[in-house]
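Fold and geometry: a report
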Amino acid sequence: MKIAISSDHGGNNLRKEIMTLLDEQNISYQDFGPQSSDSVDYPDFAKPVADGVANGEFDRGILICGTGIGMSIAANKVKGIRCALVHDVFSAKATRCHNDSNILAMGERVIGPGLAVEIVNAWLGTEFEGGRHTRRIEKITELEG
């Protein structure tokens, strides 16, 4: 599995925590920054992750900002992306099982690093169930035009 990861300034610390987790689990990833805590615009950092997942360069993506809201909105503008904003383990599993989410968004100002690690582990370790959910994903894809 290959992961694309990015944040804005509001998610910089949590992004580093998640990269440590990925390193510990020998999961390949590419960090799209930012490399400082200077204020940046989250759409600029959501786009390369979303584009990379949408074009198949990466299997999944992780985006982090202060709340996760802006990153998820920006990522979901890219055709083929199903970015889920998640702040609990149950939702992390559900969005993989039922929605086949390909990008996870989280908010550093909303959750702490311990819970974020649990969420990422649950999200990465859960597979899409298919079945009746496939029909629903196809309908979401149709909405993209």
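Scroll up for the structure.
Now for a quick tour of the structure. Not measured: the values here are computed from a predicted model. (Residues numbered from 1 in each chain as written. Predicted model: local features only at pLDDT ≥ 70, side-chain atom pairs only at ≥ 80, totals over all residues. Heavy atoms only, no water.)

1. A word on the overall build of the protein
Along the backbone of the protein there are six helices and five strands. Its C-alpha radius of gyration of 14 Å places the protein within 12% of the 15 Å reference for a compact globule of 145 residues. Based on the C-alpha atoms only, the size of the protein along its principal axes is roughly 45 × 30 × 25 Å. For the protein, with 145 residues in total, the buried portion stands at 46%. Taking contacts inside the protein between residues at least 6 apart in sequence as the whole, the part at least 24 apart equals 70%. With an accessible surface of roughly 7100 Å², the protein has 49% of that area assigned to carbon and sulfur atoms. (Helix = DSSP H or I, 4+ residues; strand = E, 2+ residues; numbered from the N terminus. Rg over C-alpha atoms; globule rule 2.2 N^0.38 Å. Buried < 20%, exposed > 50% of the residue type's maximum accessible area, 1.4 Å probe, protein only. Contact = heavy atoms within 4.5 Å. Areas by Shrake-Rupley, 256 points an atom, 1.4 Å probe, with all protein chains shown as cover.)

2. What about the packing of aromatic side chains?
Inspection of the entire model under this criterion finds one aromatic pair. On the numbers, 5.8 Å between centres and 80° between planes, the contact of phenylalanine 32 with phenylalanine 58 is edge-to-face. Taken together, the positions of phenylalanine 32 in the loop between β2 (28-31) and α2 (42-54) and phenylalanine 58 in the loop between α2 and β3 (60-65) put the pair 26 residues apart, joining distant regions of the chain. In this structure phenylalanine 32 comes out as partly exposed when scored by relative accessible area, which is 22%. (Phe/Tyr/Trp six-rings, centres within 6.5 Å; stacked < 30°, edge-to-face > 60°.)

3. Here's the deal with a nonpolar patch on the surface
Taken together, the side chains of Ile69, Ile73 and Leu85 present a nonpolar region at the surface, about 250 Å² in accessible area. Looking at the element boundaries, leucine 85 is found in strand β4 (residues 83-85). (Patch = residues over 30% accessible without salt bridge, like charges linked within 9 Å, V, L, I, M, F, W, Y side chains within 5 Å. Salt bridge = Lys/Arg side-chain N within 4 Å of Asp/Glu carboxyl O.)

4. So, unusual backbone geometry
Put simply, glycine 33 and proline 34 share a cis peptide bond, and its omega is 10°. A positive phi angle, near 50°, is found at aspartate 100, a position not held by glycine. Turning to its location among the elements, aspartate 100 is positioned in the loop between α4 (89-97) and β5 (103-107).

5. Looking at a positive patch on the surface
On the surface, a cluster of positive charge is contributed by Arg132, Arg135, Arg136 and Lys139. For arginine 132, the location among the structural elements is in helix α6 (residues 132-143). Residue class for arginine 132 comes out partly exposed when judged on its relative accessible area of 47%. (Lys, Arg positive; Asp, Glu negative; His and termini not counted. Charge placed at Lys NZ, Arg CZ, Asp CG, Glu CD.)

All we've got here are geometric facts, nothing functional implied.
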